[in-house]
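# Report on the structure
Single-letter residue listing:
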Amino acid sequence: METRNPHIVVLGAGFGGLTFCQTFNHRAARVTLLDRQNHHLFQPLLYQVAAAGLSAPEIAQPIRSIVSDHPNVTVLLDQVTGLDLAGKVVRLAGGTLTYDCLVLALGGCTSYFGPPEWEPFAPGLKSLDDALGIRRRILLAFEKAENASTAAP
Ligand SMILES: Cc1cc2nc3c(=O)[nH]c(=O)nc-3n(C[C@H](O)[C@H](O)[C@H](O)COP(=O)(O)OP(=O)(O)OC[C@H]3O[C@@H](n4cnc5c(N)ncnc54)[C@H](O)[C@@H]3O)c2cc1C
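Because the structure is predicted, anything quoted here is derived from the model rather than measured. (Residues numbered from 1 in each chain as written. Predicted model: local features only at pLDDT ≥ 70, side-chain atom pairs only at ≥ 80, totals over all residues. Heavy atoms only, no water.)

### Some remarks on the overall build of the protein chain
Secondary structure summary: the protein chain contains four helices and nine strands in total. Of the regular secondary structure in the protein chain, the N- to C-terminal order runs β-α-β-β-α-β-α-β-β-β-β-β-α. Taking 153 residues into account, the globule formula puts the C-alpha radius of gyration at 15 Å, and the protein chain, at 20 Å, lies well above it. Oriented by its inertia axes, the alpha-carbon framework of the protein chain measures out at about 85 × 35 × 25 Å. Within the span of the protein chain, comprising 153 residues, buried residues form 31% of the whole. As displayed, the protein chain offers around 10,400 Å² of accessible surface, 56% of which is attributable to carbon and sulfur atoms. The positive charge centre, built from 12 side chains, and the negative charge centre, built from 13, are 4 Å apart in the protein chain. (Helix = DSSP H or I, 4+ residues; strand = E, 2+ residues; numbered from the N terminus. Rg over C-alpha atoms; globule rule 2.2 N^0.38 Å. Buried < 20%, exposed > 50% of the residue type's maximum accessible area, 1.4 Å probe, protein only. Areas by Shrake-Rupley, 256 points an atom, 1.4 Å probe, with all protein chains shown as cover. Lys, Arg positive; Asp, Glu negative; His and termini not counted. Charge placed at Lys NZ, Arg CZ, Asp CG, Glu CD.)

### Thoughts on the side chain of Asp35
Relative to the helices and strands, Asp35 resides in strand S2 (residues 30-35). Buried charge without a salt bridge: Asp35, with Arg36 as the nearest opposite-charge side chain at an N-O distance of 5.2 Å. From its side chain, Asp35 meets the backbone nitrogen of Ala13 in a polar contact 2.6 Å long. Of the polar contacts made by the side chain of Asp35, one reaches the backbone nitrogen of Gln37; its length is 2.9 Å. Ignoring any residue separated from it by four or fewer positions in sequence, one finds Asp35 in contact with Gly12, Ala13, Gly14, Ile63, Leu76, Leu77 and Asp78. (Salt bridge = Lys/Arg side-chain N within 4 Å of Asp/Glu carboxyl O. Polar contact = N/O pair within 3.5 Å; in protein donor to acceptor, adjacent residues only side chain to side chain. Contact = heavy atoms within 4.5 Å.)

### Notes on helix H4 (residues 128-147)
Between the first and last C-alpha of H4 there are 29 Å, a value that for 20 residues agrees with the 28 Å anticipated at 1.5 Å per step. Those residues of H4 that are buried lie in contact with strand S3 (39-41), helix H2 (46-50) and strand S4 (60-62). (Expected span 1.5 Å × (residues − 1).)

### Quick notes on the site of the ligand
Close contacts around the ligand come from 17 residues, with Gly16, Asp35, Gln43, Val80 and Leu125 the closest. In the model, an oxygen atom of the ligand is placed 2.8 Å from a nitrogen or oxygen of the Gly16 main chain. For the ligand, whose accessible area on its own is 990 Å², the fraction buried by protein is 64%. Grouping the amino acids of the shell around the ligand by side-chain chemistry returns seven nonpolar, seven polar and three charged. (Near = heavy atom within 4 Å. Nonpolar A, V, L, I, M, F, W, Y, C, P; charged D, E, K, R; others polar.)

### Side note on the state of the cysteines
The final tally for this structure, using the stated rule, is zero disulfides. With no disulfide of its own, Cys101 lies 13 Å from the sulfur of Cys21, the closest cysteine sulfur. (Disulfide = S-S within 2.5 Å.)

### Focus: the environment of Arg27
Along the chain, Arg27 falls in the loop between helix H1 (15-23) and S2. For Arg27 and Val90, which are 63 residues apart along the polypeptide, the C-alpha to C-alpha distance reads 23 Å.

### Overview of H1
Every buried residue of H1 is listed here: Gly17, Leu18 and Cys21. Down the axis of H1, the sector holding all buried residues measures 95 degrees, keeping them to one side. Check the buried side of H1 and you find it contacts strand S1 (7-11), S2, S3, helix H3 (63-66) and strand S5 (73-77). (Arc of directions from axis to C-beta.)

### Observations concerning the sheet that holds S1
The four strands are arranged S5-S2-S1-S9 in an open sheet whose pairing can be described as parallel. Single-partner strands in this sheet number two, and they are S5 and strand S9 (101-104). Between one strand axis and the next, the sheet turns by 20 degrees as a mean value, whatever way the strands run. Relative to S5, S2 is paired through five bridges, and the arrangement is parallel. Considered in S5, the bridge of Leu33 is made with Val75. (Pairing = 2+ DSSP bridges. Axes fitted to C-alpha atoms, helices over the stretch in contact; angles between N-to-C directions.)

From the geometry alone we can't say anything about function, so treat these as descriptive.
Below, the structure is given as C-alpha cells:
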C-alpha cells in the first residue's frame, strides 16, 4: 500500500512560523513555509530603522538562508487571501495550496482601539515600509527646521 508523506503548510515566517520549522522533528513530513515577503523581519529593531540607526537589510534575513539546514522545508512567496478549512486548502494571490496540517502564524495588525482617525497621526510600526515612512518624516522635519527663517523659541 502506498503511503503519502504528510504535507504541513506553515503560513508566516515570523518568529512563530520559523520556530515551528526549526523545531518540528518529523523526518517523513514535507513542510511548506509560505510568506508574502522572502525575508524574515526582526520586528523588535524596527524602531532603529525608523530612527535611522540601522539600515533595512540589517534587520531582514532571507527566509531560505534561515531554514537552509532543514531539507524537508520548502519556502514559497505568496499572499494568503483565504482559507477553506473543510477542504484543507489555502487560497493565495497566485493560486491554491492543499495541506494535511496547517500552522497559522500570520502575526497581528496595528489596532487603534476604535477611532480610525488616529491612524494618520500615529502610524503603525510593523513592517519595513512603516519604518522607512516614519524615518522619511523625521528626516524631512529636520531638513525643514534647518531651512526655517525663524530661530527656535
Ligand atoms: C516595533 C516592535 C517592537 C517589538 N519589540 C519586542 C520586544 O522587544 N520583545 C518581544 O518579545 N517582542 C517584541 N515585539 C513583538 C514581536 O515582534 C511579535 O510578538 C512577533 O514578531 C510575533 O511573531 P509572529 O510569528 O506571531 O508574527 P510576525 O513576526 O508578525 O510574522 C508574521 C508573518 O506573516 C506574514 N504574513 C502576514 N500576513 C500574510 C499574508 N496575508 N500572506 C502571507 N504572509 C503573511 C508576514 O509577512 C510575517 O512574516 C515587537 C513588535 C514590534 C512591531
